[in-house]
Amino acid sequence: MTCSITTLYAEELKAAMHGRFAWLGAAAILLAIGGLATVGTQDVWLDGYGIIAYGLVPLSFIPIAAAMIASPRANRFVESIFTAPVKRRDWFVAKILVLFTFAGAYYLALVPMMFVYLWHVAPSLLLQEFLIWTPGLLIVSIAVGTLIGVLFIGRSLAAPIGTAMGVLLSYAGLIPLQELLVAQGNGATRSGHLMLFSPAVLLKNALGFTLVAANIPATTTLTWISLLVVVMGAFTLAAWVFLRAQGVETWEATRSQRWIIVLAILALTALPPMLADTNYDKPAPRANSAPAIRALFSRSGASVALVSPGGAMPERCCGTILNRDEWWPLSTDENTRRDMLLLLPADAKSVRDIHVSIAGENGLMIWTLRPTALLEQHSYTNEMAPVTDASHHVTSGWIARIPVLLRPTKPWDIGGDRYPLSITATYDVAGEAAPRVFSARAAVNAQVGPALTEMALAACILPLLCLMAALLRWRRTR
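Residues numbered from 1 in each chain as written. Predicted model: local features only at pLDDT ≥ 70, side-chain atom pairs only at ≥ 80, totals over all residues. Heavy atoms only, no water.

Chemist: Report on the pattern of salt bridges, specifying residues and quantitative values.
Modeler: Evaluation of the coordinates by the stated rule reveals six salt bridges. Between glutamate 326 and arginine 338 there is a salt bridge, and its shortest N-O distance comes to 3.3 Å. Of this pair, glutamate 326 sits in the loop between β3 (304-307) and β4 (330-331) while arginine 338 sits in strand β5 (residues 336-347); the two residues are 12 residues apart in sequence, bridging distant segments of the chain. A relative accessible area of 25% places glutamate 326 in the partly exposed class. By relative accessible area, arginine 338 is classed as buried at 17%. (Salt bridge = Lys/Arg side-chain N within 4 Å of Asp/Glu carboxyl O. Helix = DSSP H or I, 4+ residues; strand = E, 2+ residues; numbered from the N terminus. Buried < 20%, exposed > 50% of the residue type's maximum accessible area, 1.4 Å probe, protein only.)

Written out as structure tokens, the structure reads:
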């Protein structure tokens, strides 16, 4: 039997990649996931790319598995399996092993980009959880996809693929909904229980991590049991249906067998929402070493701006993320020269004797390049002007320009590293006895300079190999 399964597995694997455009399609998929997703999620790489590559794409194996299992029925190849001197069980196992081979190949395709990430950034808890989450999702997806592919025995693949896509969208869509409900404290409500219909949510809860929410379940025993029931139940039901309830051309199930199939599917669907843990009382562990930026909101106003040396104050001023609108963020472990502008809340009076202190936090190093700041008069034309002590906007005031040298260090992600800083300044205003104090908190956005390029190049390694294989296949079959 082992030899038979091994032979069938080898033949099915070769047949799966026998099509002229199979390697070309694999190259296009890997290139889109690797290269384009890497560049498109450069703000926060691990969150953006990780959710796509480690979470959503593994769920796409649901329609892939459904199509591969249903296609022999559609092209009538399975009829030869039922009549040839080959055990149906062996062929079914070999077909599932081919799916696991594809899943393993996809998991290996993520390794080059992961190595680039680890070269620049220390391992984070979120990446470690992703590395476990992904194979779990692949196993669940193959189990559910196999069951869907077995249940449809028509001459068209539209029904199994359409059903699998609907299940895929449901599983993927429930992930952000569950995060939202837990963040709002509604994870244990009826709606919160319904979110556990998705095995992706079950596995995330069982592993004990979140993407946005601040809490995770305090216990996970029932969640693991629910997940194992879904996986083992889907595989067992699919094998039983294929081997016992279906014939050469159509269903041969008795009435009791049909009821068993219906009740089993309902049980696999309803058990996780009813059984899995929903006691979201445990604080979620920190996903990485990113600092907690206190009193900062990316779209709130500030009286600080960061411009190129000698540059004018930006028209859209001023957010707490000082370089948010720049095309390229600051590069980590590199010195970058900028001018920091302080919008002093003082009308057009004489301002003198200004002393500024700027301190970077969490690895941001800042040096001021002049002992005193340069004072410039500025007329404001919008409501973004600073507010005086009398609670009215300044129309014509003073700006302090401080040349600084910035060097972000110790990044915790490829991109989207936001380093907080604090600014304190004292200055004298004509006609006032006591000096005024200016204080503000802000942050700068930084990224690992060469990492995105290296990540994109690493993502192209396997697609190029697939393209070479496609070219060789085309040369042999043209």
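Chemist: Account for the packing of helix α4 (residues 61-74) against helix α9 (residues 158-183), with residues named and values stated.
Modeler: Between α4 and α9, the shortest axis-to-axis distance is 8 Å and the interhelical angle comes to 160°. Considered as vectors, α4 and α9 are oriented roughly antiparallel to each other. Considering only the axes of α4 and α9, their crossing is right-handed. Taken together, the residues of α9 that come into contact with α4 (itself represented by Ile62, Pro63, Ala66, Ala67 and Ala70) are Pro160, Ile161, Ala164, Met165, Val167, Leu168 and Tyr171. The residue inventory of the contact of α4 with α9, partitioned by class, reads 12 nonpolar, no polar and no charged. (Axes fitted to C-alpha atoms, helices over the stretch in contact; angles between N-to-C directions. Parallel < 35°, antiparallel > 145°, perpendicular 65-115°, else oblique. Left-handed = near helix turned anticlockwise from the far one by under 90°. Contact = heavy atoms within 4.5 Å. Nonpolar A, V, L, I, M, F, W, Y, C, P; charged D, E, K, R; others polar.)

Chemist: Which residues make up a nonpolar patch on the surface, and what values go with them?
Modeler: Where nonpolar side chains cluster on the molecular surface, the patch consists of Val93, Leu97, Phe100 and Ile139 and spans about 270 Å² of accessible area. In terms of residues, the nonpolar patch owes the most to one element, helix α6 (residues 88-109), which gives three residues. Mapped onto the elements, isoleucine 139 comes out in helix α8 (residues 125-151). (Patch = residues over 30% accessible without salt bridge, like charges linked within 9 Å, V, L, I, M, F, W, Y side chains within 5 Å. Areas by Shrake-Rupley, 256 points an atom, 1.4 Å probe, with all protein chains shown as cover.)

Chemist: Give me the lowdown on the sheet that holds strand β6 (residues 351-360), citing residues and values where you can.
Modeler: If you trace the four strands from one edge of the open sheet to the other, you get β4-β11-β10-β6, paired in mixed fashion. Edge positions in the open sheet fall to β4 and β6, since each of these has one partner strand only. In terms of strand pairing, β6 meets strand β10 (residues 417-429) through eight bridges, oriented antiparallel. Within the sheet, the bridge partner assigned to valine 351 lies in β10 and is valine 429. (Pairing = 2+ DSSP bridges.)

Chemist: With reference to specific residues and values, describe unusual backbone geometry.
Modeler: Even without being a glycine, aspartate 333 presents a positive backbone phi close to 60°. In this structure, aspartate 333 sits in the loop between β4 and β5. Owing to a relative accessible area of 41%, aspartate 333 belongs among the partly exposed residues under this scheme. Backbone geometry places asparagine 362, a non-glycine residue, at a positive phi of 55°. Of note, asparagine 362 is situated in the loop between β6 and β7 (364-368).

Chemist: Provide a residue-level description of the side chain of asparagine 323, including the pertinent values.
Modeler: The residue asparagine 323 is located in the loop between β3 and β4 in this model. With a relative accessible area of 2%, asparagine 323 lands in the buried category. Within the structure, asparagine 323 has its side chain in polar contact with the backbone nitrogen of asparagine 445 (distance 2.7 Å). Aside from chain neighbours lying at most four places away, what touches asparagine 323 is Leu306, Pro329, Leu330, Val444 and Asn445. (Polar contact = N/O pair within 3.5 Å; in protein donor to acceptor, adjacent residues only side chain to side chain.)

Chemist: I'd love a proper account of the pairing of strand β11 (residues 436-447), names of residues and values included.
Modeler: In terms of burial, β11 is largely enclosed, as nine of its 12 residues are buried. Strand direction decides the pairing type here: β4 and β11, joined by two bridges, are parallel. By the bridge assignment, serine 331 is partnered in β11 with glutamine 447.

Chemist: Describe the packing of α6 against α8, and please don't skip the residues or the numbers.
Modeler: Packing of α6 against α8 leaves a shortest axis separation of 11 Å and a crossing angle of 145°. The interaxial crossing formed by α6 with α8 has right-handed handedness. Residue-level inspection shows Phe92, Ile96, Leu99, Phe100, Ala103 and Tyr107 of α6 in contact with α8, the latter providing Leu131, Thr134, Pro135, Leu138, Ile139, Ile142, Thr146 and Val150. Of the residues contributing to the contact of α6 with α8, the split by class is 12 nonpolar, two polar and no charged.

Chemist: Which residues make up the nonpolar core, and what values do they have?
Modeler: In terms of nonpolar packing, the biggest core is built from 86 residues, with Tyr54, Tyr106, Tyr117, Trp133 and Ile414 touching the most fellow members. When neighbours within four sequence positions are excluded, tyrosine 54 is seen to be in contact with Tyr49, Leu110, Met114, Leu127, Phe130, Leu131, Trp133, Thr134 and Leu137. Leu322, Met340, Ile402 and Tyr427 belong to the second largest nonpolar core, which has 31 residues in total. (Core = buried A, V, L, I, M, F, W, Y, C linked by side-chain atoms within 4.5 Å.)

Chemist: Quick rundown of the packing of aromatic side chains? Include the residues and the values.
Modeler: According to the stated counting rule, one finds 11 aromatic pairs in the structure shown. Taken together, a centroid distance of 6.2 Å and an interplanar angle of 35° make the contact between phenylalanine 100 and phenylalanine 235 tilted. Placement of the pair is phenylalanine 100 in helix α6 and phenylalanine 235 in helix α12 (residues 221-245), with a sequence separation of 135 residues. Exposure remark for phenylalanine 100: the relative accessible area of 31% places this residue in the partly exposed category. Chaining the aromatic ring pairs together yields one cluster made of Tyr49, Tyr54, Phe130, Trp133 and Phe209. (Phe/Tyr/Trp six-rings, centres within 6.5 Å; stacked < 30°, edge-to-face > 60°.)

Chemist: Could you give an account of α6, naming the residues involved and the relevant values?
Modeler: Compared with the 32 Å implied by 1.5 Å per residue over 22 residues, the 32 Å span of α6 between its first and last C-alpha is a close match. Residues Asp90, Trp91, Phe92, Ala94, Lys95, Ile96, Val98, Leu99, Ala103, Tyr106 and Ala109 constitute the buried set of α6. (Expected span 1.5 Å × (residues − 1).)

Chemist: I'd love a proper account of helix α14 (residues 451-459), names of residues and values included.
Modeler: Listed as buried for α14 are Ala451, Leu452, Met455, Ala456, Ala458 and Ala459. The buried residues of α14 all sit within an arc of 160° when viewed along its axis, so they share a single face. Turned more than 90 degrees away from the buried face of α14 sit Thr453 and Leu457, all of them exposed. (Arc of directions from axis to C-beta.)

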